[in-house]
Each structure stands twice: as C-alpha cells, then as structure tokens.
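# Inside the fold
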Amino acid sequence: MLSFETILWAVLAFAALLVITNFFTVDTAQVSVITRFGKFLRAAEPGLNWKVPLIDAVAGKVSLRVNQIALTMETKTKDNVFVTIPISVQCRVRAESVYDAYYKLSNPAEQIKAYVEQVILGHVPSMTLDEVFASQAGIAAAVKQELDADMTGFGYEIVNVLVTDIVPDAKVKSAMNDINAAQREQVAANARGEAEKILVVKKAEAEAESKALQGQGIANQRKAIIEGLQSSIEQFQRVVGGTSTSDVMQLVLVTQYFDTLKSIGDSDKTNTLFLSHAPGAVKDISDQILQSMLVAGRAKA
C-alpha cells in the first residue's frame, strides 16, 4: 500500500507537469485564440504565454501580416467588349479585432472575392473600353472604399487594392492594335507629305533664285561684252584712222569666229571639224551677223 507521502509527491509531480506543459509561445506578427470550455477567452500576444490546464485551449492562430489575395474578374463593358481584370487585394487582420476575424468569416478570401465582384460589376459595365483603360486607378479606389466599409465589421483592414491590368478579348485586342497602327501610319504619312512639300517648295525657291542669279549673271556678262567691244572699237579707231565702226565690228567678229573654231579643235573629243563654207566666205558670214544685229536693233526701236 502506498504511503501518503508517496501519493503527495505524485500529485505534486503531476501538477508541476501540467503547469509546465501548458506554457506556449506565440510568434511575432501572430496571435493565438484562447478558449475556455469552447468559449472565446482572449487573444494571446506574441511571446511566452500560459493557459490554465485542462480548462483553457488554443483554438487557433491568426496572422497579423499583410496578406495578398489575387483575383481575376471577367465582365463586359458598355460597348459590349468582354474584359478580364486581374486584381490584387492586400489586407490584414486588425490586432484589436481578432475575435471578429477568426469567428465571423469561415473563408475570408472567398468573401473578399464576392465583394470585389460586386464592385466591379457595378462600375465596369457602365464604362466603355477606353474609359476602363483610363480609369484603372479609379476602379481600384472604388474597390478599396467598398471593401474597407464592408470588411471592417469582420476585423479586416484593406491596405491596398491594385488593378494590375485590363485584358480585352484577343480579337478585340488585335483590332485595337490594327487601329493604333493605322492611326500611326496616317500620322507618319502626313509627316512625310509635309516633308516632301517643304522639299518641293524649297527646291522651287532655289531654282527661282538660281534662275534670277543666272539671268543677272548673263545680263552682267553681256553688259561687260558690250562695254569691252565699245572700248576696243574706240581704241582701234584712235590707232587706225579712217576706219568705221562697221569695219571694226567685222574684224572683231572674224576674230571671235576663228577663236571659236580653235576652241572646238582643241577639244580632246574632237577629231575632225567639218565647215560648210570656204575660208573666203568668212566676210559674208560677218556681214550676215552684222545685218541681223542691225535689223534686231531697228525692230526694238
């Protein structure tokens, strides 16, 4: 038969074992839900904790970290284009609302998805595809505002909502790319047309200026020739007395004629020069040139 002392030591050892084994730790950014006989008692903070043996129990743990829920919504726009909208919802449990977060929602991700679908279906169908693309930030803000209002009662804080993309149907996307390419080609064609127009205008202006300068050069050249001939005639008449202007012009023309023949004969590409007259007919040629000049002068007068 066991003695009283042995029984006492056994009871004390069992009690000590119960006390020691009911110490537990909670990691940082987590809380443990402690219940007593199945009823919520408290939320155990991070660190070393203790619960009453055989009475209290750790029902579960709740993370206080920011959790990201990736969702994909499919809906139709106002202009009857089906779009897929990937959405990222960043949320976390409020430290003071662990009871609500743990007991009120059985599947927080599905509940959040239902609220997001409600907001998306309330906004996107009233917008055109272009408006949806231009309003990504507005859609995200509307989703966040709605979730904040609805999820606060369940102990959740919505940190941020991100609309990461707008993905239209593949055929619509291809058509949009074709339209964009056509618009850019039209702009490029207009730019090329303007450039070609500028080149044509500039070329015409350059040609006009070149013609003007060429005409001015020819006029100056003729003026210099006339002045030179006048000076030559006057000097020749002073040296050789009794010569008329016609005689001097005839001499000058004959000289120019032979100089021209010499220049043609000196050309590398000239092997043979055919003349349609004899050397004695040079005087007749000069007379014809002078006669033509006099007739032209009288016609102008």
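Quick note: structure is the one above.
Here we summarise the structure given alongside this text. Just so you know, these numbers come straight off a predicted model, no measurement behind them. (Residues numbered from 1 in each chain as written. Predicted model: local features only at pLDDT ≥ 70, side-chain atom pairs only at ≥ 80, totals over all residues. Heavy atoms only, no water.)

## A closer look at the packing of helix α3 (residues 108–123) against helix α5 (residues 136–151)
- Running from N to C, α3 and α5 cross one another at 135°; their axes reach a closest spacing of 9 Å. By the angle class used here, α3 and α5 are oblique. Seen along the crossing, α3 lies across α5 with a hand that is right-handed. Contacts between α3 and α5 involve I112, Y115, V116, Q118, V119, I120 and H123 on the former and, on the latter, I139, A142, V143, E146, L147, D150 and M151.
- Of the residues contributing to the contact of α3 with α5, the split by class is 10 nonpolar, two polar and two charged. (Axes fitted to C-alpha atoms, helices over the stretch in contact; angles between N-to-C directions. Helix = DSSP H or I, 4+ residues; strand = E, 2+ residues; numbered from the N terminus. Parallel < 35°, antiparallel > 145°, perpendicular 65-115°, else oblique. Left-handed = near helix turned anticlockwise from the far one by under 90°. Contact = heavy atoms within 4.5 Å. Nonpolar A, V, L, I, M, F, W, Y, C, P; charged D, E, K, R; others polar.)

## Some thoughts on the sheet that holds strand β5 (residues 56–63)
- Strand order in this open sheet of three strands is β3-β2-β5, and the pairing throughout is antiparallel. Unpaired on one side and paired on the other, β3 (39–44) and β5 mark the two borders of the sheet. Taking the axes of each pair of neighbouring strands and ignoring which way they run, one obtains an average angle of 30° across the sheet.
- Where strand β2 (residues 30–36) and β5 come together, seven bridges link them in antiparallel fashion. Bridging from a neighbouring strand, V33 pairs with G60 of β5. (Pairing = 2+ DSSP bridges.)

## Observations regarding the side chain of T77
- When you line up the elements, T77 lands in the loop between β6 (67–76) and β7 (82–93).
- Setting aside residues up to four positions removed in sequence, T77 forms contacts with V83, V124, P125, M127, T128, L129 and V132.

## Considering the packing of aromatic side chains
- Tallying each qualifying case throughout the model produces five aromatic pairs.
- Consider the rings of F23 and W50, whose centres lie 6.3 Å apart with planes at 50°: the pair is tilted. Linking F23 in strand β1 (residues 23–26) with W50 in strand β4 (residues 47–50), this pair joins segments that are 27 residues apart in sequence.
- For F23, a relative accessible area of 42% translates into the label partly exposed.
- The class of W50 is partly exposed, set by a relative accessible area of 34%. (Phe/Tyr/Trp six-rings, centres within 6.5 Å; stacked < 30°, edge-to-face > 60°. Buried < 20%, exposed > 50% of the residue type's maximum accessible area, 1.4 Å probe, protein only.)

## What to know about unusual backbone geometry
- For A29, which is not glycine, the phi dihedral falls at a positive 65°.
- Examined against the element boundaries, A29 turns out to sit in the loop between β1 and β2.
- Overall, the relative accessible area of 23% leaves A29 in the partly exposed class.
- Notably, L54 is not glycine yet its phi reads approximately 70°, a positive angle.
- By the secondary structure assignment, L54 is in the loop between β4 and β5.
- Take L54: its relative accessible area is 71%, and that puts it in the exposed class.

## Quick notes on the environment of S32
- Structurally, S32 is set in strand β2.
- When the C-alpha atoms of S32 and R42 are compared, they prove to be 8.4 Å apart, with 10 residues separating the residues in sequence.
- Those residues in contact with S32 that lie beyond four places of it in its chain are F24, V26, R42, A43, A44, V58, G60 and K61.

## A short note on the pairing of β7
- Sheet topology note: the β6/β7 ladder contains 10 bridges and is antiparallel. By the bridge assignment, T72 is partnered in β7 with P86.
- Counted along the chain from β6 to the antiparallel partner β7, the turn is five residues long, and its residue N80 has a positive phi close to 60°.
- Pairing analysis gives two bridges linking β7 to strand β9 (residues 167–168), with the strands arranged antiparallel. Counted as the bridge partner of V83 is P168 from β9.
- Sheet analysis places β7 next to strand β8 (residues 156–163), joined by seven bridges and oriented antiparallel. Bridging from a neighbouring strand, Q90 pairs with N160 of β8.

## Description of the side chain of K51
- Checked against the element boundaries, K51 lands in the loop between β4 and β5.
- Here K51 occupies a buried position and makes no salt bridge, while the nearest side chain of opposite charge, D56, is found at 7.5 Å.
- Among the polar contacts listed, one links the side chain of K51 to the side chain of N22, at a separation of 2.6 Å.
- The residues touching K51, leaving out its near neighbours within four places in the chain, are N22, F24, R42, D56, A57 and V58. (Lys, Arg positive; Asp, Glu negative; His and termini not counted. Salt bridge = Lys/Arg side-chain N within 4 Å of Asp/Glu carboxyl O. Polar contact = N/O pair within 3.5 Å; in protein donor to acceptor, adjacent residues only side chain to side chain.)

## Some thoughts on the nonpolar core
- Counting residues in hydrophobic clusters, the biggest one holds 37 residues, and the most contacted among them are I85, I87, V89, V116, I120, L147 and M151.
- Contributing elements (two or more residues each) for this core: β2, β6, β7, α2 (98–103), α3, α4 (129–134), α5 and β8.
- When sequence neighbours within four positions are dropped, the list of residues in contact with I85 reads L71, T72, M73, T75, I120, V124, V163, D165 and I166. (Core = buried A, V, L, I, M, F, W, Y, C linked by side-chain atoms within 4.5 Å.)

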